[in-house]
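# Fold and geometry: a report
Each chain, letter by letter, is given below.
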Amino acid sequence: MAKVVAVTGNEACANALRQVNPDVCGIYPITPQTDMMQRFASFIADGKVDTESILVESEHSSMSACIGAAAAGGRVITATSSQGLALMWEMLHIASGDRLPIVMPVVNRALSAPLNIHGDHSDAMGARDTGWIQLWSENGQEAYDNTIQAFRIAEHMDIRLPIMVCLDGFIISHSIERLEYLEDKQVKDFVGPFRNFLPLLDLAKPKSYGPLILTDLYHEYKRAQHEIMTKVKDVVLDVAKDFEKMSGRKYGIFESYRLEDADVAIVILNSAAGTTKDVIDQFREKGIKAGLLKPRLFRPFPFAEIADALKNAKAVCVMDRADSYGSYGPLFMEVASALYPLEKKPLLMNKIYGLGGRDYLPSHAAQVLTELNEIAKSGKVNVLKEYIGVRE
Amino acid sequence: MATPLTLKELSKKEDRFTHGHRMCSGCGAPVVVKIAMMATEYPVIVSNATGCLEVSSCISEFTAWNVPWIHTAFENAAATLSGVETMYRSLKKQGKFDQEVKFIAFGGDGGTYDIGFQSLSGAMERGHDMIYICYDNGAYMNTGIQRSSATPLGADTTTCPAGSVIPGKLRNRKNLTKIMAAHDIPYVAQASPSHWQDLFKKVQKAHEIKGPKFINVIAPCNRGWRSKTNDAIQLSRLAVNTCYWPLYEIEDGVTRITVTPKEKIPVAEFMKPQGRFKHLFTPENEGLLQRVQEEVDKEWAKLLKEAKTD
Ligand SMILES: Cc1ncc(C[n+]2csc(CCOP(=O)(O)OP(=O)(O)O)c2C)c(N)n1
Ligand code: SF4
């Protein structure tokens, strides 16, 4: 029987990791992730997991050690946020290039300068091109469920890629929510035993990891990496199906909320989707056909499916909790590329919101939906990229 | 598991670091690696920092390593290997793996003294059971002879060139061996390929000690030192006999000089055959040459004072 609890997102993820019982874990503190790894360290200290921790001296070494451990042949986890993820950047490419299925919750936080410890998506967005799979989570339940599913996806024999499970700093990591835990045994059976692939510890057949590859082959290796990514979507859907059978909770590559007949739609990631859904309900009551699309699988980005889901809307606003200075927000760029091949496409705009933990309020969602409604009527977008909730 | 220390016996052993690597002919580094890899009968897993050794020993599907080998990046051979070693311990503890395995990390001086210093220090502090071997050629050779913090005083490199105003490197080398000893790890040593039996024994001994070990080995680079192609062993011997590169070990805090030169010769003898010091043998730079000798004498005197004599 599932157990209903009231826990923080960090606690939920730590518990998922305990239930999976990985072999090795890299640990280094950074707010707002710290509490997740502290809890996991207690599980180790209390003998609740078999995991050996590596209490590294930096995130760069954490990812390096995780790569070494994964190459040695076993299940490996770590977690980080913000500057920590940024410090790992060099090694993120190596983890994916070596095809090592490391699982890493990323508790999203802003990047310096100026220093800010609160939630936004700049960290994971900055790591979007490192060859990692990315799953995003609206609340603690999704973060917990995604963490469990992440192992199956990353370790799938056709994939063998590292994966990040993103959850919003503080809003999810530190807020207490109602959550349904699965039984330990259910999780253990669902994830299954770790299957090795070319481990360093196979002494009979010595492997060389990380050779020098010159111009004659490097290009091909990189194309191969892209090709593996094209297989991820189906694996994510298969794993979600199995997960639904076990938990009753349904997951896809994105969530559509009242989108089927929507004239206006918002595309938004993670926790802000919850607030937006409430405001969409209010607009529906007023007779405005509003809907929402919340991406779950951000890398690889499901272009065709997202284009299909948005194609009948008249106006769409993509909302980014990260920026690309001098360009559009990162999510906007993906959605715009997805819609580009369509002959008839919705009008698009981009709003940057909630940077560095700035509140995203129902009034902001209402403001965006009102503007979208006007755009749908007039057929004209006034400002393509704009900051909302900003002090002038 | 001691290997008899005779060339006849050693020649019968299977190479763990084989011919076919693409390091420059006459390079000191592969000699160091070969001896170190011979010095144990245990299965060994190797981690390698980016640098000359790494880029030349494993290219595409060709590898000179006859043992499991991993390269990830420049600054993290120690951190990477701590992951491998931790997974090994985890699987052993869980009863999923039962063989005895030894772990060696190899890094150049740049990847060890400079950019990899934090990751090395961290791995040693955590107490991973591994030997970290630095092959010290005194500069970033792979990228074209730029100075590192191991570059000797007075040397001419591409980023501290000997010019009309500045005569090469103005700072002393970082004494990494001593810094590693300050980590209070169970074994630290300095070795040279010219004294291959001493190097061999140090690696062998290190493998028998549980915990983190560090061995610093001088590895002449004819490209960077501007020396003759066949001079690597001769130069490393001169490094020892001038006391520029003393051979010693620090075991559980006790320092022991393992090879004492019969006669301590002037450091200029080591420097003269090397183009990187050519400018020091002019009348204007007499003072700097003098300083090099003084530094060597000072360090040697310190070491004699610290060392337990047999
Ligand atoms: C982060 C990073 N910075 C710089 C480099 C470029 N790089 C590769 S090898 C190398 C020098 C290696 O020098 P050293 O460690 O002394 O080894 P050697 O080449 O002398 O054998 C440098 C600077 C790199 N690979 N990664
Ligand atoms: S450049 Fe120097 S260190 Fe590098 S392979 Fe050649 S001789 Fe060896």
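Presented here is an overview of the structure given in this document. This is a predicted model, so every value here is computed, not measured.

### A short note on the overall build of chain A
For chain A, the helix and strand inventory stands at 12 helices and 16 strands. For a compact globule of 392 residues, the expected C-alpha radius of gyration is about 21 Å, and chain A comes in at 21 Å, within 12% of that figure. Judged by the C-alpha coordinates and their principal axes, chain A covers about 70 × 55 × 45 Å. Sorting the 392 residues of chain A into buried and exposed places 58% on the buried side. Once local pairs closer than 6 in sequence are excluded, the contacts in chain A between residues at least 24 apart make up 80%. On chain A, roughly 15,600 Å² of surface is accessible, and the fraction owed to carbon and sulfur atoms is 53%. In chain A, 43 side chains carry a positive charge and 50 a negative one; their mean positions are 4 Å apart.

### Quick look at the site of ligand 2
Near ligand 2 you find Met 23, Cys 24, Cys 27, Cys 52, Asn 137, Met 141, Cys 221, Asn 222 and Arg 223 of chain B, and these make up its full shell. The residue makeup of the shell around ligand 2, split by class, is 6 nonpolar, 2 polar and 1 charged.

### A look at the pairing of strand S6 (residues 133–136) of chain A
Residues and elements named next belong to chain A. Alternating positions in S6 separate into two faces, Ile 133 and Leu 135 on one and Gln 134 and Trp 136 on the other, with burial throughout. Sheet topology note: the S6/strand S7 (residues 163–168) ladder contains 4 bridges and is parallel. Bridge assignment links Gln 134 to a residue of S7, and that residue is Met 164. You can see the chain leave S6, run along helix H6 (residues 140–155) and come back into S7, and the turn it takes is right-handed. Examined bridge by bridge, S6 and strand S13 (residues 297–299) share 2 bridges and lie antiparallel to one another.

### Focus: the site of ligand 1
Surrounding ligand 1, one finds 17 residues, the nearest of these being Gly 110, Gly 111, Tyr 135, Ala 139 and Asn 142 of chain B. More than a single chain frames ligand 1: its nearby residues are located in chains A and B. The backbone of Cys 52 of chain B places a nitrogen or oxygen atom 3.1 Å from an oxygen atom of ligand 1. Ala 139 of chain B is positioned such that a nitrogen or oxygen atom in its backbone is 2.9 Å from an oxygen atom of ligand 1. Across the complex, the protein chains shield 76% of the 590 Å² of accessible surface that ligand 1 would expose by itself. Among the elements that take part in the shell around ligand 1, helix H5 (residues 109–114) of chain B stands out by supplying 3 residues, more than any other.

### Let's talk about the sheet that holds strand S10 (residues 254–257) of chain A
Hydrogen bonds between backbone atoms are what pair the strands of a sheet, whose relative direction is either parallel or antiparallel. Residues and elements named next belong to chain A. Spatially, 6 strands are ordered S10-S12-S11-S14-S15-S16 in an open sheet, and the strand pairing comes out mixed. A single partner strand is all that each edge strand has here, and the edge strands are S10 and strand S16 (385–387). Taken pair by pair, the neighbouring strands of this sheet meet at an average axis angle of 20°, ignoring direction. With 4 bridges joining them, strand S11 (residues 264–267) and strand S14 (residues 315–320) adopt parallel strand pairing. Bridge pairing in S14 links Val 264 to Ala 315. The strands touched by helix H9 (residues 272–285) are S10, S11 and strand S12 (290–295); relative to S12, the strand with the most contacts, the crossing angle is about 165°.

### With respect to the side chain of Thr 8 of chain A
Residues and elements named next belong to chain A. Mapped onto the secondary structure, Thr 8 falls in strand S1 (residues 3–8). On the basis of relative accessibility, which here comes to 10%, the residue Thr 8 falls in the buried class. At 3.1 Å, the side chain of Thr 8 forms a polar contact with the backbone nitrogen of Glu 11.

### Looking at empty space enclosed by the protein
Picture a little ball the size of a water molecule; that probe, rolled over the atoms, points out where space is still empty. Residues and elements named next belong to chain B. This model, assessed by the stated rule, comprises 4 cavities of 30 Å³ or more. As a volume, the largest cavity reaches approximately 50 Å³. Considering the residues around the largest cavity, the lining is formed by Asp 136, Asn 137, Gly 138, Pro 152, Arg 173, Ile 218, Trp 225, Tyr 244, Trp 245, Phe 270 and Arg 276. Taken together, the residues of the lining of the largest cavity break down into 6 nonpolar, 2 polar and 3 charged. Considered as a void within the structure, the second largest cavity measures approximately 40 Å³ in volume. Lining the second largest cavity we find Val 101, Lys 102, Phe 103, Asp 129, Met 130, Ile 131, His 207 and Lys 213. Mapped onto the lining of the second largest cavity, the elements with two or more residues apiece are strand S5 (102–108) and strand S6 (130–136). Looking at the lining of the second largest cavity, its residues break down into 4 nonpolar, 1 polar and 3 charged.

### Description of H9 of chain A
Residues and elements named next belong to chain A. The end-to-end C-alpha distance of H9, which contains 14 residues, comes to 21 Å, matching closely the 20 Å that a straight helix rising 1.5 Å per residue would cover. Three or more residues of H9 are buried, namely Ala 272, Ala 273, Thr 276, Lys 277, Val 279, Ile 280, Phe 283 and Arg 284. Where H9 is buried, its residues contact S7, S10, S11, S12 and helix H12 (362–378).

### Some thoughts on the packing of aromatic side chains
Any two aromatic rings considered together are summarised by their centre-to-centre distance and by the angle between their planes. All names here are of chain A. The tally for this structure, following the rule as stated, stands at 18 aromatic pairs over all chains. Centre to centre, the rings of Trp 136 and Phe 298 are 6.1 Å apart; their planes meet at 70°, and the pair counts as edge-to-face. Of this pair, Trp 136 sits in strand S6 while Phe 298 sits in strand S13, and the two are 162 residues apart along the sequence. Given a relative accessible area of 1%, Trp 136 falls into the buried group.

### With respect to the nonpolar core
With 167 residues, the main nonpolar core has Met 63, Ile 102 and Leu 310 of chain A as its most contacted residues. Every residue in contact with Leu 310 of chain A, bar those within four places of it in the chain, is listed here: Leu 259, Ala 265, Val 267, Leu 293, Val 316, Val 335, Leu 339 and Pro 346 of chain A. Listed in part, the 36 residues of the second largest apolar core include Phe 17, Val 67, Phe 106 and Ile 133 of chain B.

### Description of unusual backbone geometry
With an omega of -5°, the peptide bond between Ser 112 of chain A and Ala 113 of chain A qualifies as cis. By the element assignment, Ala 113 of chain A lies in the loop between strand S5 (103–108) and helix H5 (122–126). In this structure, Pro 114 of chain A follows Ala 113 of chain A across a cis peptide bond, with omega equal to -5°. Locating Pro 114 of chain A in the fold gives a position in the loop between S5 and H5. Positive phi is not limited to glycine here, since Ser 60 of chain B has a value of about 50°.

### What to know about the interface of chain A and chain B
Taken residue by residue, the interface counts 40 residues in chain A and 40 residues in chain B. Summing the contributions of chain A and of chain B, the shared interface buries around 3,000 Å²; its carbon and sulfur component is 63%. Of all residues in chain A, Leu 201, Leu 203 and Leu 212 of chain A bury the most surface against chain B, accounting for 20% of the area lost on that side. Here chain A is connected to chain B by 4 salt bridges. Where Lys 96 of chain B meets Asp 23 of chain A, a salt bridge forms, and the shortest distance between an N and an O atom there is 3.8 Å. Our count for the chain A to chain B interface comes out at 17 residue pairs in polar contact (both at pLDDT 80 or more). Taken together, the elements giving at least two residues each to the side of chain A that touches chain B come down to strand S3 (52–55), helix H3 (59–73), helix H4 (82–97) and strand S9 (208–209) of chain A. Residues belonging to the side of chain A that touches chain B are distributed by class as follows: 22 nonpolar, 11 polar and 7 charged.

Definitions and cut-offs
- Residues numbered from 1 in each chain as written.
- Chains lettered and ligands numbered in written order.
- Predicted model: local features only at pLDDT ≥ 70, side-chain atom pairs only at ≥ 80, totals over all residues.
- Heavy atoms only, no water.
- Helix = DSSP H or I, 4+ residues; strand = E, 2+ residues; numbered from the N terminus.
- Rg over C-alpha atoms; globule rule 2.2 N^0.38 Å.
- Buried < 20%, exposed > 50% of the residue type's maximum accessible area, 1.4 Å probe, protein only.
- Contact = heavy atoms within 4.5 Å.
- Areas by Shrake-Rupley, 256 points an atom, 1.4 Å probe, with all protein chains shown as cover.
- Lys, Arg positive; Asp, Glu negative; His and termini not counted.
- Charge placed at Lys NZ, Arg CZ, Asp CG, Glu CD.
- Near = heavy atom within 4 Å.
- Nonpolar A, V, L, I, M, F, W, Y, C, P; charged D, E, K, R; others polar.
- Pairing = 2+ DSSP bridges.
- Right-handed = clockwise from strand over helix to strand, strands pointing away.
- Polar contact = N/O pair within 3.5 Å; in protein donor to acceptor, adjacent residues only side chain to side chain.
- Axes fitted to C-alpha atoms, helices over the stretch in contact; angles between N-to-C directions.
- 1 Å grid on protein atoms, 1.4 Å probe; cavity = no way out; pocket = protein on both sides within 12 Å on 5 of 7 lines; lining within 4 Å.
- Points joined across faces, edges and corners; volume = space filled by probe spheres on them.
- Expected span 1.5 Å × (residues − 1).
- Phe/Tyr/Trp six-rings, centres within 6.5 Å; stacked < 30°, edge-to-face > 60°.
- Core = buried A, V, L, I, M, F, W, Y, C linked by side-chain atoms within 4.5 Å.
- Buried area = accessible area lost by both parts, 1.4 Å probe.
- Salt bridge = Lys/Arg side-chain N within 4 Å of Asp/Glu carboxyl O.

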